[in-house]
Amino acid sequence: MSQAQRSWKEVLADRIPPAMAEEIDSFEAQMELRKQLKIEEKVFAELRLRRGAYGQRYDNGQRYDGTKTQEILFRRRGLTKGPETEFDAPGMQRIKIPYGRVTAEQLEVLADCAEEYSNAVLHITTRQDVQLHYVDIEDTPDMHRRLASVGITTREACGNSVRNVTGCPKAGICTDERFDISAYAKAETYFLLGHPDVQDFGRKFKIAYSGCGHEGCARVMMHDLGFIAAIREVDGKEERGFTVVVGGGLGPVPHVAKVLYEFMPESQMLPVSQAIARVYARLGEKRNRNKARIKFLVAQLGIEEFHRLVDEELAVLERDPRWDAWLDEAHLPQIEGLPKAATDGSAKSAAGFEEWSKTNVYRQRQKGFVGVTINLPLGDITSRQSRTLADLVRRYAPGALRTNVDQNFFLRWIHEQDLIALYNDLHVAKLVVTGAGSITDVTACPGTDTCKLGIASARGLGAELRERLHDRGLHLDPVLKDVHVKVSGCPNSCGMHHIADIGFYGSSRNIGAYKVPHFQLLLGGSLEENAGNYGLAMGAVPSKRVPEAVDRLLELFTKERQPEETFRGWVMRVGKKEIKGKLEDLIAVPAYETDPSFYIDWHDAREYSIGDIGVGECAGEVVTLTQFSLANAESKVFDASVLVDDVRAGDNRFDEAGRLAYQAMIFAAQGLLKVENPDQKGDPLIVFPEFEAKFIDTEIFFERFVGAKEWGYLQSAHEAGGRVRDGDESRRRVEEAQLFIEAAHGCYTRLLEARAAASGSAVRLTKGVTK
């Protein structure tokens, strides 16, 4: 690192708030202590996460090139920054952008940091954050100082902390909102940032604000804590407040948030948040990370008991003057635009304006103003484009730029008179991609590009779908334009696949001696009602057949829909069982020799996770039996998901759905036991203890970097005898069963690999027959 870079501390000394400067200095000192081995690697890992410095794929210094594992060439000093994480390996920096509001000056500094410390690309996330990839940890203190000098913090952007507080990007201009939530989200952010009561959580904690209850801009119902603007009349006067929800979350097993308060006065927002945090910190799970989110605590206690505990905590809280010091600001009118137009309105539009204006322009409730979505494919914008955008913000609407959860920018308060001139400037910067918020605006998480947990290429598939759907002009199709497609690289739902009309998450399957990239298909999610409806898995589709599956689904919907029927409505009416039957021909994977392209993921030159697998001659039949059991498991969990849909429609069969989900997990466990014992019995009272002894006590079942969470799903279902209490629990049981089956597939593949390594042979296994 050059002297000029090291001098940022001195250069910016008078521009960084003392508290922020002290935090950054402390982190820099912790880095030095880690270099001296005076801080344990696990401790340092949590410390850097609290500063937003995240790990990245291949940071153990190795990468599989399609033939063998190769060492990545970068400096090594025999030092780690976390378990099996090289200190000098490139990492990811997450940067908080509270409720998505970013100034022109901040955007310029972000662009500079991306160019100097990263790959000159800013990635907008589904939580309105900015992420930079391929960052050297040695550069992070100076980067943090430069960000802090313009009011940006990375504190608690990762780790077991309150993450970025998100909010509706249309706040203040929306035609349907109760009131502007911006000041409330800002107050929440800075009240909880570093607060002592949020430092002892077992897991992360996500908060969102929405100005209305029916749209999906803020997606409050999928959050740990959510606030939906509400107004009531008291003595003839309007009183602002919120409907407060708690215990939502996506992840592998999604929960819809529960209503904690139908109406909470605005003055109680911060004390209620603090009380909830104290209850969670005191009673939330700490040892088992897989059960540590607040959604599990709310489900365990029940919303009534959780409500009682929060009220109890509120009663003993010591008053904090910050609770209401900001309230007057929240009621002041917020106008972010220029007092008059920046141009005379005489500009002639560049090519494509009419199409762009149909999908990317929003008419504000303030007459004469519009908001413009800058559609960023896969959430990426270059440093050069970011600087241009900063200039345009200054010219047309200072202070009016926001990120949104669809990985785009939203520029508000544009005078209609300036719209064509703005479009022309964006056109020069190549920032006029049409289809914002439509079917072509596919959301995708980083997946296998940079994420350690990625199973399949979410960005590769997302890019492929965007291109194909856009080429067909579906962003302008009156029937299909509002169908939403979202892709995650694993079950963790960073791509928000659960709330999409058509969602996918990465998985893999073992076909003979090969692993094949697949994506689990989910149908029936919805952004409406603040993302209050989740889809359920239909089954795994080979990655290379996903575009064809999407085309098939859209064709079926177009032909079969009733007037005004939404995609979700069609799915719920027709039923997933019937729809799945019409996709069955897309499930098969051709033999490697017939079509090797199926064994390569999207936009990747390498063969997907290959390696010669060797087994003894007796293994052929065992493999067939194991795969048969896993197939039975998938069939059972699908049947359970169909029943869950029936429960949503009013058919009270949730107990049967829970029982089928439990049976599915038992089938999967039995299948793994058949690797050693082809005659394994299927009685749960036999399967459960034998599976525990042979796969859990030995830790054979556990994925190396994931742990034991899927085993907990089977434990819970077994202890309950397959019974569930209500429809919500039956839906979660089905999700858990799907994840357990995925883990069983992964364990089975590892068993085959271990046998091949032990035998030292080059025997290929193909559909149960050794050659």
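Look up: the structure comes first, before these words.
Residues numbered from 1 in each chain as written. Predicted model: local features only at pLDDT ≥ 70, side-chain atom pairs only at ≥ 80, totals over all residues. Heavy atoms only, no water.

Topic: the overall build of the protein chain
Okay, step 1: What the protein chain contains, in helices and strands, is 24 helices and 26 strands.
Okay, step 2: Expected size for 771 residues packed as a compact globule is a radius of gyration near 28 Å; at 26 Å, the protein chain falls within 12% of this value.
Okay, step 3: Counting only C-alpha atoms and orienting by the principal axes, one finds that the protein chain spans roughly 80 × 65 × 65 Å.
Okay, step 4: The buried share among the 771 residues of the protein chain stands at 58%.
Okay, step 5: Intrachain contacts of the protein chain at a sequence separation of at least 6 include 71% that bridge at least 24 residues.
Okay, step 6: Of the accessible surface of the protein chain, which amounts to about 31,000 Å², a share of 50% is contributed by carbon and sulfur atoms.
Okay, step 7: For the protein chain, the distance from the average position of its 100 positive side-chain charges to the average position of its 113 negative side-chain charges is 1 Å. (Helix = DSSP H or I, 4+ residues; strand = E, 2+ residues; numbered from the N terminus. Rg over C-alpha atoms; globule rule 2.2 N^0.38 Å. Buried < 20%, exposed > 50% of the residue type's maximum accessible area, 1.4 Å probe, protein only. Contact = heavy atoms within 4.5 Å. Areas by Shrake-Rupley, 256 points an atom, 1.4 Å probe, with all protein chains shown as cover. Lys, Arg positive; Asp, Glu negative; His and termini not counted. Charge placed at Lys NZ, Arg CZ, Asp CG, Glu CD.)

Observations concerning the pattern of salt bridges
Okay, step 1: A full pass over the atoms with the stated rule returns 61 salt bridges.
Okay, step 2: The salt bridge involving Glu-156 is made with Arg-155; its shortest N-O contact spans 3.5 Å.
Okay, step 3: The exposure class of Arg-155 is partly exposed, given its relative accessible area of 21%.
Okay, step 4: In this structure, Glu-729 and Arg-725 form a salt bridge, with 2.9 Å as the shortest nitrogen-oxygen distance.
Okay, step 5: Here Arg-725 falls in the exposed class, since its relative accessible area comes to 58%.
Okay, step 6: Among the ionic contacts, a cluster of salt bridges with common partners joins Glu-32, Lys-35, Arg-75, Arg-77, Asp-88 and Glu-138. (Salt bridge = Lys/Arg side-chain N within 4 Å of Asp/Glu carboxyl O.)

Observations concerning the side chain of Arg-94
Okay, step 1: Considering the arrangement of structural elements, one finds Arg-94 in strand β6 (residues 91–95).
Okay, step 2: Side chain to side chain, Arg-94 and Gln-131 meet in a polar contact 3.0 Å long.
Okay, step 3: Polar contacts involving the side chain of Arg-94 include one to the main-chain carbonyl oxygen of Ala-157, which spans 3.4 Å. (Polar contact = N/O pair within 3.5 Å; in protein donor to acceptor, adjacent residues only side chain to side chain.)

Digging into the packing of aromatic side chains
Okay, step 1: One pass over the full model with this rule turns up 28 aromatic pairs.
Okay, step 2: Both rings, one in Phe-353 and one in Tyr-423, keep their centres 5.3 Å apart while their planes meet at 75 degrees; by these two values the pair is edge-to-face. A residue pair is termed long-range when its members are at least 10 positions apart, and Phe-353 in helix α12 (residues 353–360) and Tyr-423 in helix α14 (residues 419–428) qualify at 70 residues.
Okay, step 3: Plain terms: the ring middles of Tyr-592 and Tyr-599 are 5.0 Å apart, the flat faces sit at 70 degrees to each other, and that makes the pair edge-to-face.
Okay, step 4: When its relative accessible area of 1% is taken as the criterion, Tyr-599 is described as buried.
Okay, step 5: Aromatic ring contacts, followed pair by pair, group Phe-179, Tyr-184, Tyr-209, Phe-227, Phe-242 and Trp-326 into a single cluster.
Okay, step 6: Across the ring face of Tyr-54, the terminal group of Arg-94 is positioned such that the distance to the ring centre comes to 5.0 Å. (Phe/Tyr/Trp six-rings, centres within 6.5 Å; stacked < 30°, edge-to-face > 60°. Lys NZ or Arg CZ within 6 Å of the ring centre and 35° of its normal.)

Some thoughts on the sheet that holds strand β12 (residues 225–234)
Okay, step 1: Strands sit in the order β10-β11-β12-β13-β14 across an open sheet of five strands; the sheet is mixed. What marks the edges here is a single partner per strand, and that holds for β10 (166–167) and β14 (258–265).
Okay, step 2: Two elements, strand β13 (residues 237–246) and β14, share five bridges in a ladder whose sense is antiparallel. What sits directly across from Val-244, in β14, is Tyr-261.
Okay, step 3: Against the sheet, helix α8 (residues 269–283) touches β11 (207–210), β12, β13 and β14, its axis set at about 150 degrees to β14. (Pairing = 2+ DSSP bridges. Axes fitted to C-alpha atoms, helices over the stretch in contact; angles between N-to-C directions.)

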